[in-house]
Amino acid sequence: MEPGSMVSAVRSRRVLCGTEIGPALVVIREGKVHSILPGSSGSTGDDAGCEVLDVGDSLVMPGIVDCHVHVNEPGRSSWEGFWTATRAAAAGGVTTIVDMPLNSIPPTTTLDNLQDKMEAASGKCFVDTAFWGGVIPGNQLELKPMIQAGVAGFKCFLIHSGVEEFPHVTDKDLHTAMEQLQGTGSVLLFHAERDVPLLSEEDADPKDYSTFLNSRPDVMELEAIRTVTDLCLHYQVRCHIVHLSSAQPLELIQAARQAGAPLTVETTHHYLSLSAEHIPAGATQFKCCPPIRGAANQEKLWSALKDGHIDMVVSDHSPCTPDLKRLDTGDFTQAWGGISSLQFDNSRCSTTKSSEASEHICLRSVSVLDVCQ
């Protein structure tokens, strides 16, 4: 080892290496992992030539990459800004976030707006930060310049996004965007819900969670994903379904993949750990879009995750100011739809569902980097 090198090491009886957890010594040189000495080798640090921090049974694992985070700066930094969001990420074991193109003002839908976003983040980030661009009606000529500037890919909505400055796209817009993205290697992310005819419930109580849940049925995701799979197969542009809440489209997704669609899908921690049956009346802190569904649906999401049919788990961290959650009225129909959970990412690895399943969540969270490259 070179004299004067900045070297340290971490020892644990539980180090995640690939898909295995066991005792090892992790040697770090100049801020990067230099080597991993498994088993008892290097247990005193002599082999590494450095002092060792022994963390006992604490899990040592790669930092999580969370590719679905709404930071909201510039423009809505009262909801969340880079200074607090990236500190929350670090507290949750997240070492890289990818920021969504909304709900900042301006949204990240042009090269100029991307530069505004990067300037807003400058000097405020405690973890590595990347950015998604957005696809909205009429911005197709901005896509390639944003790719050249380094965006990880693009996101679009097939339904109202919740903010006026980020309108949803039509089928025509999607074909135009796909033509621009062909051959670029970029990826298009879909908020996969579509409006469908619904029976009105005039007497439904807005404080009852079922009122909100019934307004966003599974078929909205199913029909949207049908559109996504058709586009993905036709254009062979990488597509990604964000925050899948319903298990019903999983067969459609699998069929498209088997037919050659370059399609990936994520779900979130809250769909895997919360269920509609346990959401109290007026508890609008549980509102998100798509909605948290029932326990039977949740079990199917877990099975799909463990079988590799769902590629990754993300936070979909979407904060707002407390007044927008309408906690005073408990009105699910008027409350902002988003859950703040970035700071809890790593804790879910030891508390969610079961030890076997939670280790799987850790592995899937780390694998999220593949989508951003």
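Residues numbered from 1 in each chain as written. Predicted model: local features only at pLDDT ≥ 70, side-chain atom pairs only at ≥ 80, totals over all residues. Heavy atoms only, no water.

A. Expanded view of the confidence of the model for the chain. When pLDDT is averaged along the chain, the result is 89, and 88% of the positions lie at 70 or above. Note on residues 350-373: pLDDT under 50 across the span, and 58 contacts to partners over four residues away in sequence or across chains. (pLDDT = per-residue confidence, 0-100. Contact = heavy atoms within 4.5 Å.)

B. Geometry of the sheet that holds strand 7 (residues 94-99). Across the sheet, 3 strands lie side by side as 6-7-8; this open sheet has parallel pairing. Each end of this open sheet is capped by a strand with a single partner; those strands are strand 6 (64-69) and strand 8 (128-131). The average angle at which neighbouring strand axes cross in this sheet is 20°, direction not considered. With 4 bridges joining them, strand 7 and strand 8 adopt parallel strand pairing. (Pairing = 2+ DSSP bridges. Helix = DSSP H or I, 4+ residues; strand = E, 2+ residues; numbered from the N terminus. Axes fitted to C-alpha atoms, helices over the stretch in contact; angles between N-to-C directions.)

C. Main features of unusual backbone geometry. For the bond from glutamate 73 to proline 74, the omega torsion is 5°, close enough to zero to count as cis. Considering the arrangement of structural elements, one finds proline 74 in the loop between strand 6 and helix 1 (82-91). The omega torsion across isoleucine 105 and proline 106 is 5°, close enough to zero to call that bond cis. Structurally, the position occupied by proline 106 is in the loop between strand 7 and helix 2 (111-121). A positive phi angle, near 30°, is found at histidine 243, a position not held by glycine. Residue position: histidine 243 is located in the loop between strand 12 (238-241) and helix 7 (250-258).

D. Structural context of the packing of helix 4 (residues 171-181) against helix 6 (residues 218-235). Put simply, helix 4 and helix 6 touch, their axes get as near as 11 Å, and they point 30° apart. By the criterion of interaxial angle, the relationship of helix 4 to helix 6 is roughly parallel. Of the two possible hands of crossing, helix 4 and helix 6 adopt the one that is right-handed. Contact residues: Asp171, Leu174, His175, Met178 and Glu179 in helix 4; Thr227, Leu231, Cys232 and Tyr235 in helix 6. Considered class by class, the residues forming the contact of helix 4 with helix 6 number 5 nonpolar, 2 polar and 2 charged. (Parallel < 35°, antiparallel > 145°, perpendicular 65-115°, else oblique. Left-handed = near helix turned anticlockwise from the far one by under 90°. Nonpolar A, V, L, I, M, F, W, Y, C, P; charged D, E, K, R; others polar.)

E. Here's a closer look at the packing of helix 6 against helix 7. Contact pair helix 6 / helix 7: the axes reach a minimum separation of 10 Å and the direction vectors enclose 5°. Looking at the two axes, helix 6 sits roughly parallel to helix 7. Between helix 6, through Leu222, Ile225, Arg226, Thr229 and Leu233, and helix 7, the contact on the second element is made entirely by Leu252, Ile253 and Ala256. The residue inventory of the contact of helix 6 with helix 7, partitioned by class, reads 6 nonpolar, 1 polar and 1 charged.

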